[in-house]
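Analysis of the macromolecular model
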Amino acid sequence: MTQRGSFHAIAAGGVALVALAASAGAQETGSGVLYGDMQTVTRALLDRAAGDGNNFLHTNGNYHQTRYYPARQINTSNVHKLRPAWIFQTEVVESMETSPIIVNGIMYVTTSFNHVYALDARTGQQIWHYKQNLEPATAPCCGPNNRGVAVYGDMVYMGTLDSKLVALDAKTGKQVWESQIADPLKGYSETMAPTAVDGKILIGTNGGEFGIRGFVKAFDAKTGELLWTFHTIPENSVGVWATHDATGRDMLRDIAAEKAALAANGDPYETLGGGVWQNPAVDHEMNRVFFVVGNPSPDLDGSLRPGDNLYTDSLVSVDLDTGEYVCHFQYIAHDVWDLDAVSPPILTDVLDDQGNTVPGLLHGGKTGHVYVHDRRDCSLIRFSEAMVPQEDMWTLPTPEGARMLPGANGGVEWSPMAIDPDQRLTYAINLHQPMTYTVESTPYPGGTKLWLGGSFDVIPEEEQWGNVTAVEYDTGDIRWQVKTEQPMIGGVLATAGGLVFTGEGNGLFKAYDSATGSVLWSFQAGAGVNAPPSSYTVEGKQYIVVGAGGNTQLNYKRGNDIIAFTLAE
Amino acid sequence: MSKTGILATALGAVAFSYTVASAEEDIGELIPLCTSCHGEDGRPIAPDYPIIVGQHFLYLYIQLRDYQSGLRANPIMQANVADLSDDQLKALAQHFSKQAWPSTSFPSSDEDHALGQRMGTGGQCPQCHLGGYEGQNNVPRLAGQQPRYLERTMLEYKNKVRMNAPDKATLMRGYDDAVIRGMANHLAGM
């Protein structure tokens with residue numbers, strides 16, 4: 001097929017396109033007055049984030065992505081007094097998935113369609129507002145979302161729906177540079193927040209429903225120059241012809257048919273999918289990053305993509321400096337259910353099956369299990385009890401539609417988990433959304449058309465619900481579980497105050513006792529609370545902040561609010 | 001390398017030829033051909049012709065391109081675009097996308113809305129078409145579109161007459177014709 005546009009430079013050399021603000025046509029709407037002295041985000045600050053009870057510097061709290069906030073001013077004894085401190089209403093009434101970032105009392109939030117706001121975190125007052133001038137692009141599968149910015153030095157970084165990485169001046173919101181990540185008319189787009197580490201900005205890509213070849217890329221934080229690319233799909237994607245998944249269940253593959261297809265058509269790597277659309281975790285001692293890779297393309301039709309489809313549906317670790325492969329673990333080989341690996345991994349010490357403490361890694365799966373790894377070699381130590389009903393796994397999709405649980409949204413969808421390292425619990429939010437899986441083979445349609453190879457259909461007569469589950473990661477047992485009215489999507493924050501915060505599509509934002517699951521506080525936000533919460537402290541007062549904008553994927557009520565809560569006097 | 005140097009290299013290496021800024025073709029003579037069916041005021045002359053004013057640029061461009069290649073079959077449209085350049089297709093798409101969607105008031109019943117919501121939930125239509133069915137980029141706006149065009153389109157997907165969106169066929173097969181009609185009315189009445 002011919003390439004649309006003139007992307008030959010990118011395709012050939014993988015060279016990032018660096019365009020300056022003047023030519024890129026990006027718009028900034030309003031620059032504000034400087035607030036106090038805005039602090040440069042140093043490497044040391046980012047490294048110490050896990051113990052920083054003032055700022056919230058990373059999408060998932062810290063480089064290990066624990067989403068465990070160390071401040072305890074808000075705790076189990078006083079959370080019942082939590083009330084809104086302020087509400088900021090953005091210009092965009094659409095799905096909100098942003099993780100608010102707070103640096104020395106300045107909050108950065110993003111909206112659908114790539115707006116960025118800088119706000120006074122104490123008062124909610126706007127400091128500046130930036131709006132990306134978006135080019136035509138293949139719309140991502142699940143909403144025009146944005147999960148937030150990364151901060152580094154004096155800059156703020158965002159990925160855009162038209163597959164760009166944008167760098168803004170943190171004080172003024174003016175664009176400093178933008179780099180084209182990949183061709184948006186081939187199905188590449190960004191909804192994830194980037195990760196800033198050691199002078200590099202790391203970002204993956206969307207597009208597993210459009211026949212991309214996925215990657216994680218590293219860009220120079222100062223110039224936007226591309227430093228390295230790790231392709232999540234190697235040229236030899238075939239693997240070992242695994243017949244069972246990570247939990248030991250037979251996936252009913254027809255290996256003979258797949259081998260015949262491979263012989264006839266060759267390796268399918270060029271359009272095999274494998275997006276990475278949540279942040280990688282960083283281990284500085286090992287000098288490695290850890291991320292999980294999404295589904296193969298086309299989602300439901302395995303006939304066009306013989307082999308294990310490496311490294312889709314896998315945990316992968318690469319070298320931070322070079323992007324070179326270190327290890328991987330595939331949860332599901334040759335997935336035809338879209339039960340891929342998306343919730344971002346968490347790094348924490350875990351007990352292995354001998355009772356020894358090892359450097360571990362946790363991942364909440366769409367299958368409904370929490371997977372526990374030894375991150376030195378990516379090996380699996382254990383997987384938890386199923387957090388949601390599983391029925392008829394692994395029934396193959398059929399032309400008429402076959403029912404299987406979980407449905408294609410999971411389990412744990414992309415929602416980040418949190419941990420309490422003292423209680424040694426991890427907290428996941430789950431969906432129970434029964435679906436049928438229908439397969440119908442069609443050829444690659446070119447990057448601007450959805451390519452599932454069939455359809456997932458929600459079964460309207462069947463009840464849907466969700467849950468919040470606490471899992472002991474040293475044993476795999478469920479400690480507690482609370483059912484929710486609707487399937488859950490958004491994210492979890494755990495705190496040293498003994499609390500777990502998470503929101504629901506019906507507008508309820510709740511605080512749970514992290515040891516027992518008791519609901520200690522709730523607030524009706526008026527739109528779906530489907531974004532991960534953050535926390536911060538300004539002038540001695542701790543706040544909890546969350547976006548309430550609803551969700552496209554589950555069609556929860558849309559809104560445009562950022563709400564900050566603090567304790568009543 | 002200085003910033004100017006980077007810029008020069010960048011612009012020399014790639015022209016963003018898929019963006020609207022470069023599509024400045026003279027299409028003035030072509031417009032009346034379009035509006036003769038799609039309506040001079042944006043309201044088409046027949047109930048099963050689509051409203052195109054205010055539709056998304058990328059969707060319109062892709063449809064014109066698909067007519068030209070034959071991927072989307074329609075003898076009238078194919079003839080209309082047969083000799084046009086890619087830039088002319090972009091310019092036409094740009095021209096119509098920049099206008100306002102006409103205000104419409106298509107009748108729809110409670111039963112239509114119930115059927116439409118049921119189908120929309122099952123098919124997860126808002127995931128691409130968004131909550132108000134306003135669409136985005138390559139995904140068309142459906143809200144307030146002509147109901148007989150919507151119904152015809154969904155049936156053409158179901159019956160594999162329209163072939164330029166492969167997953168639509170599978171999706172539509174799950175719904176009987178009465179539900180599709182209700183969905184069409186539901187969307188038109190939004």
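Residues numbered from 1 in each chain as written. Chains lettered and ligands numbered in written order. Predicted model: local features only at pLDDT ≥ 70, side-chain atom pairs only at ≥ 80, totals over all residues. Heavy atoms only, no water.

**What to know about the overall build of chain A**
- Helix and strand counts for chain A come out as 4 helices and 38 strands.
- Scaling as 2.2 N^0.38, a compact globule of 569 residues should have a C-alpha radius of gyration of about 25 Å, and chain A matches this with 22 Å.
- Taking the principal axes of its C-alpha atoms as reference, chain A extends roughly 70 × 55 × 45 Å.
- Here chain A, with 569 residues, has 68% of them falling under the buried criterion.
- About 17,000 Å² of surface is accessible on chain A, with carbon and sulfur atoms providing 50% of the total.
- Here chain A contributes 36 positive and 64 negative side-chain charges, whose respective centroids are spaced 5 Å apart. (Helix = DSSP H or I, 4+ residues; strand = E, 2+ residues; numbered from the N terminus. Rg over C-alpha atoms; globule rule 2.2 N^0.38 Å. Buried < 20%, exposed > 50% of the residue type's maximum accessible area, 1.4 Å probe, protein only. Areas by Shrake-Rupley, 256 points an atom, 1.4 Å probe, with all protein chains shown as cover. Lys, Arg positive; Asp, Glu negative; His and termini not counted. Charge placed at Lys NZ, Arg CZ, Asp CG, Glu CD.)

**A look at the pattern of salt bridges**
- On inspection of all chains with the given rule, the structure shows 33 salt bridges over all chains.
- The salt bridge involving lysine 449 of chain A is made with aspartate 66 of chain B; its shortest N-O contact spans 2.7 Å. Placement of the pair is lysine 449 of chain A in the loop between strand S28 (435–439) and strand S29 (454–458) and aspartate 66 of chain B in helix H3 (residues 57–69), with the two residues belonging to separate chains. Pair check on accessibility: lysine 449 of chain A and aspartate 66 of chain B agree, each one buried.
- Residues aspartate 177 of chain B and lysine 158 of chain B are paired through a salt bridge, measuring 2.8 Å at the closest nitrogen-oxygen approach. One end of the pair, aspartate 177 of chain B, is in helix H10 (residues 177–188); the other, lysine 158 of chain B, is in helix H8 (residues 147–158), with 19 residues separating them in the sequence.
- Given a relative accessible area of 43%, aspartate 177 of chain B falls into the partly exposed group.
- Linked by salt bridges that have partners in common, Glu135, Asp162, Lys164 and Glu178 of chain A make up one network. (Salt bridge = Lys/Arg side-chain N within 4 Å of Asp/Glu carboxyl O.)

**Observations regarding the packing of H8 of chain B against helix H9 (residues 166–173) of chain B**
All names here are of chain B.
- The contact between H8 and H9 brings their axes to 7 Å, and the two run at 95 degrees. For the element pair H8 / H9, the angle class is roughly perpendicular. Residue-level inspection shows Met154, Tyr157 and Lys158 of H8 in contact with H9, the latter providing Lys168, Ala169, Met172 and Arg173.
- Partitioning the contact of H8 with H9 into residue classes produces 4 nonpolar, no polar and 3 charged. (Axes fitted to C-alpha atoms, helices over the stretch in contact; angles between N-to-C directions. Parallel < 35°, antiparallel > 145°, perpendicular 65-115°, else oblique. Contact = heavy atoms within 4.5 Å. Nonpolar A, V, L, I, M, F, W, Y, C, P; charged D, E, K, R; others polar.)

**A short note on the nonpolar core**
- By size, the foremost hydrophobic cluster in this structure holds 92 residues, and its most contacted members are Leu82, Met107, Tyr108, Tyr157, Phe291, Phe501 and Tyr536 of chain A.
- The next biggest cluster of nonpolar side chains, apart from the first, holds 29 residues, and it includes Phe329, Ile332, Tyr371 and Tyr437 of chain A. (Core = buried A, V, L, I, M, F, W, Y, C linked by side-chain atoms within 4.5 Å.)

**Focus on the state of the cysteines**
Residue and element names in this part refer to chain A.
- In this structure the tally under the stated criterion is 2 disulfides over all chains.
- A disulfide bridge connects cysteine 327 with cysteine 378, and the sulfur atoms are separated by 2.0 Å. Disulfide cysteine 327-cysteine 378: torsion about the S-S bond near 60 degrees, hence right-handed. Highlighted residues: cysteine 327 in strand S20 (residues 325–330) and cysteine 378 in the loop between strand S23 (370–374) and strand S24 (379–383), separated in sequence by 51 residues.
- On the basis of relative accessibility, which here comes to 6%, the residue cysteine 327 falls in the buried class. (Disulfide = S-S within 2.5 Å.)

**Considering a negative patch on the surface**
- A cluster of acidic side chains, namely Glu25, Asp26, Glu29 and Asp87 of chain B, defines a negative patch on the protein surface.
- Positionally, glutamate 25 of chain B belongs in the loop between helix H1 (3–13) and helix H2 (31–38). (Patch = residues over 30% accessible without salt bridge, like charges linked within 9 Å, V, L, I, M, F, W, Y side chains within 5 Å.)

**Some thoughts on the environment of leucine 252 of chain A**
Residues and elements named next belong to chain A.
- In this structure, leucine 252 sits in the loop between strand S16 (226–231) and helix H4 (255–265).
- Under the relative-accessibility criterion, leucine 252 is labelled partly exposed at 45%.
- Considering only alpha carbons, one finds leucine 252 and threonine 395, 143 residues apart in sequence, at a separation of 7.8 Å.
- Every residue in contact with leucine 252, bar those within four places of it in the chain, is listed here: Thr243, Trp394 and Leu396.

**Details of H3 of chain B**
Residues and elements named next belong to chain B.
- The end-to-end C-alpha distance of H3, which contains 13 residues, comes to 18 Å, matching closely the 18 Å that a straight helix rising 1.5 Å per residue would cover.
- Here H3 lies mainly inside the structure; 11 of its 13 residues are buried.
- Within H3 the residues assigned to the buried category are Phe57, Leu58, Tyr59, Leu60, Tyr61, Ile62, Gln63, Leu64, Arg65, Asp66 and Tyr67.
- Positive phi appears at glycine 70, one or two residues downstream of H3, with a value of about 90 degrees. (Expected span 1.5 Å × (residues − 1).)

**Let's talk about unusual backbone geometry**
- For the peptide bond that leads from leucine 310 of chain A to tyrosine 311 of chain A, omega is -10 degrees, which places it in the cis range.
- Examined against the element boundaries, tyrosine 311 of chain A turns out to sit in the loop between strand S18 (288–292) and strand S19 (314–319).

**Some words on the sheet that holds strand S26 (residues 418–420) of chain A**
Residues and elements named next belong to chain A.
- If you walk across this open sheet you meet the 4 strands as S26-S27-S30-S31, and the pairing is antiparallel. This sheet does not close on itself; its edge strands, each paired only once, are S26 and strand S31 (478–484). The mean angle between the axes of side-by-side strands here comes to 25 degrees, regardless of whether they run parallel or antiparallel.
- The pairing of strand S30 (residues 465–472) with S31 spans 6 bridges and is antiparallel. (Pairing = 2+ DSSP bridges.)

**Section: the side chain of serine 384 of chain A**
Residue and element names in this part refer to chain A.
- Along the polypeptide, serine 384 turns up in the loop between S24 and strand S25 (402–404).
- Serine 384 gets classed as buried once you look at its relative accessible area, which sits at 4%.
- Discounting residues that sit within four places of it in the chain, serine 384 has contacts with His369, Val370, Val471 and Gly476.

**What to know about the side chain of aspartate 338 of chain A**
Residues and elements named next belong to chain A.
- With respect to the helices and strands, the residue aspartate 338 is situated in the loop between S20 and strand S21 (346–351).
- Here aspartate 338 falls in the buried class, since its relative accessible area comes to 9%.
- Not counting residues within four places of it along the chain, the set of residues in contact with aspartate 338 comprises Glu209, Asn295, Asp299, Lys366, Ala408 and Phe456.

**Some remarks on the pairing of strand S35 (residues 519–524) of chain A**
All names here are of chain A.
- Looking at chain direction, strand S34 (residues 508–513) and S35 are connected through 5 bridges and run antiparallel. Bridge pairing links tyrosine 512 to valine 519 in S35.
- Linkage of S34 to S35, two consecutive antiparallel strands, is achieved through a turn of 5 residues, within which glycine 517 is found at a positive phi near 85 degrees.

**As for the sheet that holds S25 of chain A**
Residues and elements named next belong to chain A.
- Taken in spatial order, the 3 strands of this open sheet run S25-S28-S29, and their pairing is antiparallel. Bordering the open sheet on either side are S25 and S29, each of which pairs with just one other strand. Strand-to-strand twist of the sheet, defined as the mean angle between neighbouring strand axes without regard to direction, takes the value 30 degrees.
- Across 3 bridges, the pairing between S25 and S28 is antiparallel. For arginine 403, the partnering residue across the bridge sits in S28 and is threonine 436.

**Quick look at the environment of aspartate 374 of chain A**
Residues and elements named next belong to chain A.
- Along the chain, aspartate 374 turns up in strand S23.
- Residue aspartate 374 is classed as buried on the basis of its relative accessible area of 10%.
- Separated by 22 residues in the primary sequence, aspartate 374 and aspartate 352 have C-alpha atoms spaced 7.7 Å apart.

Geometric values such as these leave the question of function open.
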